[in-house]
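What follows is the residue order along each chain.
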Amino acid sequence: FGTGTRVIEVLNLTLLTTLAVLFWFDHGEMMRLSNYRGFAKLFGESSHGWMATVFGVLAVLAAVGIASTTERPRRLGGFALLASGCIWWAMSAGFAYGYPPLTTGMVVYPVLGLFCCLCGQHIMYLTEQARTERVCECKN
């Protein structure tokens, strides 16, 4: 946790992995809850499979970005954070679609999405800056 972005990267990876596993082994039961109704309508019967796949792919990209200091994997990690931010905002919209009741997902997911997007953009900026300055390692 030597950098400011690392905490968000690890938190994001943990949540992506956890949700991918939950959606995969849940077999669609979570989609019956009112909070996930929007995703069930969007993806249909296989919504839990789509959600598990999206979260799983982003988790792999995030893990690659965390584990490496070279340019291309760091860019993938930055992209994973940007895409995750959009996914967290979509999750928030799904919770808002299920209103009422008010839930913490309407607040927590957009804040997480904002932090993920800011950190992803910062990682992409630092990676580009390191490339143009001919620095060998892309550290943030």
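Residues numbered from 1 in each chain as written. Predicted model: local features only at pLDDT ≥ 70, side-chain atom pairs only at ≥ 80, totals over all residues. Heavy atoms only, no water.

## Quick look at the overall build of the chain
- Helix and strand counts for the chain stand at five helices and zero strands.
- When its helices and strands are written in sequence order, the chain yields α-α-α-α-α.
- Projected onto the principal axes, the alpha-carbon positions of the chain cover approximately 50 × 25 × 25 Å.
- Out of the 140 residues belonging to the chain, those deemed buried represent 41%.
- Here the chain holds 10 positive side-chain charges and 8 negative ones, and the gap between their average locations is 3 Å. (Helix = DSSP H or I, 4+ residues; strand = E, 2+ residues; numbered from the N terminus. Buried < 20%, exposed > 50% of the residue type's maximum accessible area, 1.4 Å probe, protein only. Lys, Arg positive; Asp, Glu negative; His and termini not counted. Charge placed at Lys NZ, Arg CZ, Asp CG, Glu CD.)

## Brief notes about the pattern of salt bridges
- On inspection of all chains with the given rule, the structure shows seven salt bridges.
- Arg32 is the salt-bridge partner of Glu29, the closest N and O atoms lying 3.6 Å from each other.
- Residue Glu29 is classed as partly exposed on the basis of its relative accessible area, which comes to 41%.
- Between Glu71 and Arg131 there is a salt bridge, with the nearest N and O atoms lying 3.7 Å from each other. You can see Glu71 sitting in helix 4 (residues 71-97) and its partner Arg131 sitting in helix 5 (residues 105-132), a full 60 residues away along the chain. (Salt bridge = Lys/Arg side-chain N within 4 Å of Asp/Glu carboxyl O.)

## Here we look at the nonpolar core
- One finds Phe23, Tyr36, Met51, Phe55, Trp88 and Met91 to be the most contacted residues of the largest nonpolar core, which totals 27 residues.
- Of all the elements in the fold, those that place two or more residues in this core are helix 1 (4-26), helix 3 (47-67), helix 4 and helix 5.
- With seven residues, helix 3 is the single largest residue contributor to this core.
- Every residue in contact with Tyr36, bar those within four places of it in the chain, is listed here: Phe23, Met30, Met31, Met91 and Phe95. (Core = buried A, V, L, I, M, F, W, Y, C linked by side-chain atoms within 4.5 Å. Contact = heavy atoms within 4.5 Å.)

## Digging into the state of the cysteines
- This structure, assessed with the given rule, holds zero disulfides.
- Not engaged in a disulfide, the cysteine Cys116 finds its nearest cysteine sulfur in Cys117; these two sulfurs lie 7.0 Å apart.
- The class of Cys116 is buried, set by a relative accessible area of 0%.
- With relative accessibility at 14%, the residue Cys117 sits in the buried group. (Disulfide = S-S within 2.5 Å.)

## Brief notes about the environment of Leu82
- Inspection of the secondary structure assignment puts Leu82 in helix 4.
- C-alpha separation for the pair Leu82 and Ile123, spaced 41 residues apart in sequence, amounts to 10.0 Å.
- Excluding residues that lie within four positions of it along the chain, Leu82 makes contacts with Cys116, Cys117, Gly120, Gln121 and Met124.

## Remarks on the packing of helix 1 against helix 5
- For the pair helix 1 and helix 5, interaxial distance at closest approach is 10 Å and the crossing angle is 125°. One finds that helix 1 runs oblique with respect to helix 5. As helix 1 packs across helix 5, the resulting crossing turns out to be left-handed. Residues Thr5, Ile8, Glu9, Leu11, Asn12, Leu15 and Leu19 of helix 1 form the contact with helix 5, whose participating residues are Tyr109, Leu112, Phe115, Cys116, Cys119, His122 and Ile123. (Axes fitted to C-alpha atoms, helices over the stretch in contact; angles between N-to-C directions. Parallel < 35°, antiparallel > 145°, perpendicular 65-115°, else oblique. Left-handed = near helix turned anticlockwise from the far one by under 90°.)

## Focus: the packing of helix 3 against helix 4
- At a minimum axis separation of 7 Å, helix 3 and helix 4 run at an interaxial angle of 145°. Helix 3 and helix 4 meet at a crossing whose hand is left-handed. On helix 4, the residues touching Met51, Val54, Phe55, Leu58, Leu61, Ala62, Val64, Gly65 and Ile66 of helix 3 are Pro73, Arg74, Leu76, Gly77, Phe79, Ala80, Ala83, Ser84, Ile87, Trp88 and Met91.
- Looking at the contact of helix 3 with helix 4, its residues break down into 16 nonpolar, three polar and one charged. (Nonpolar A, V, L, I, M, F, W, Y, C, P; charged D, E, K, R; others polar.)

## Quick word on the confidence of the model for the chain
- Within the chain, residue pLDDT values average 89, and 94% of them lie at 70 or more.
- For the chain, helix 2 (residues 37-43) is the element with the lowest average pLDDT, namely 77, and helix 1 is the one with the highest, namely 95. (pLDDT = per-residue confidence, 0-100.)

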